[in-house]
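Summary of structural features
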Amino acid sequence: MAITRTLSIIKPDATRRNLTGRVTSMLEEAGLRVVASKRIRLTQEQAEAFYDVHRERPFFRDLVAFMTSGPVVVQVLEGEDAVALNRRVMGATDPAKAEPGTIRRELAESIEANSVHGSDSDENAAREIAFFFRPEEIVG
Ligand code: CMP
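Here's what I pulled together on the structure shown here. The structure displayed is predicted, hence computed values, not measured ones.

1. Considerations on the layout of surface pockets
- Approximately 620 Å³ is the volume attributed to the largest pocket.
- Every residue lining the largest pocket is counted, 24 residues in all, and those nearest its centre are Tyr51, His54, Thr93, Arg104 and His117.
- Broken down by secondary-structure element, the contributors of at least two residues to the lining of the largest pocket are α5 (82–90), β4 (116–118) and α7 (122–132).
- Split into classes, the residues belonging to the lining of the largest pocket amount to 9 nonpolar, 7 polar and 8 charged.

Take a look at the structure:
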């Protein structure tokens with residue numbers, strides 16, 4: 001299995017509860033390495049552009065409002081098959097359906113305030129990483 005990269009976002013519900021370190025520890029314990037990280041406040045335009053694929057979904061407006069409601073920590077994670085590994089440690093989108101021990105099951109508040117985002121494919125990971133980071137900001 002190849003070493004690949006994925007984009008993670010620690011969402012406003014987690015930064016608000018001071019869980020940045022706890023989430024990052026869970027990622028690291030799962031075998032992922034943080035090779036870039038920054039704490040930012042998303043603008044409405046950034047959140048809408050990032051979640052453009054969900055524009056027609058009924059939850060789009062609420063999702064953008066939530067993602068701009070407080071700071072987020074965007075991170076590039078590196079590891080063996082990083083997209084799949086990160087999705088395993090995050091757990092299902094809905095924390096009620098996530099496996100015990102996953103970030104969302106242990107820490108998330110709801111399907112919207114679900115503590116973390118992770119890319120869902122290598123193609124989207126490349127697009128999402130480029131959305132937030134210049135190549136020289138990623139140090140493996
Ligand atoms: P994320 O992995 O960031 O990708 C899209 C986000 O939309 C998802 O996590 C959830 O936070 C949110 N989301 C997905 N489905 C729903 C839903 N049914 N209701 C509200 N929010 C949702």
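2. Considerations on the site of the ligand
- Around the ligand, the neighbouring residues are Lys11, Tyr51, His54, Phe59, Leu63, Thr93, Arg104, Ile111, Glu112, Asn114 and His117.
- The contact in question runs from an oxygen atom of the ligand to an N or O atom on the side chain of Lys11, over 2.7 Å.
- Residue Asn114 places a side-chain N or O atom 3.4 Å away from an oxygen atom belonging to the ligand.
- Protein contacts shield 78% of the accessible area of the ligand, which totals 460 Å² for the unbound molecule.
- More than half of the atoms belonging to the ligand lie within 2 Å of the grid points that define the largest pocket.
- In terms of residue class, the shell around the ligand is made up of 4 nonpolar, 4 polar and 3 charged.

What counts, and where the lines are drawn
- Residues numbered from 1 in each chain as written.
- Predicted model: local features only at pLDDT ≥ 70, side-chain atom pairs only at ≥ 80, totals over all residues.
- Heavy atoms only, no water.
- 1 Å grid on protein atoms, 1.4 Å probe; cavity = no way out; pocket = protein on both sides within 12 Å on 5 of 7 lines; lining within 4 Å.
- Points joined across faces, edges and corners; volume = space filled by probe spheres on them.
- Helix = DSSP H or I, 4+ residues; strand = E, 2+ residues; numbered from the N terminus.
- Nonpolar A, V, L, I, M, F, W, Y, C, P; charged D, E, K, R; others polar.
- Near = heavy atom within 4 Å.
- Polar contact = N/O pair within 3.5 Å; in protein donor to acceptor, adjacent residues only side chain to side chain.
- Areas by Shrake-Rupley, 256 points an atom, 1.4 Å probe, with all protein chains shown as cover.
- Sits in = over half its atoms within 2 Å of the grid points.

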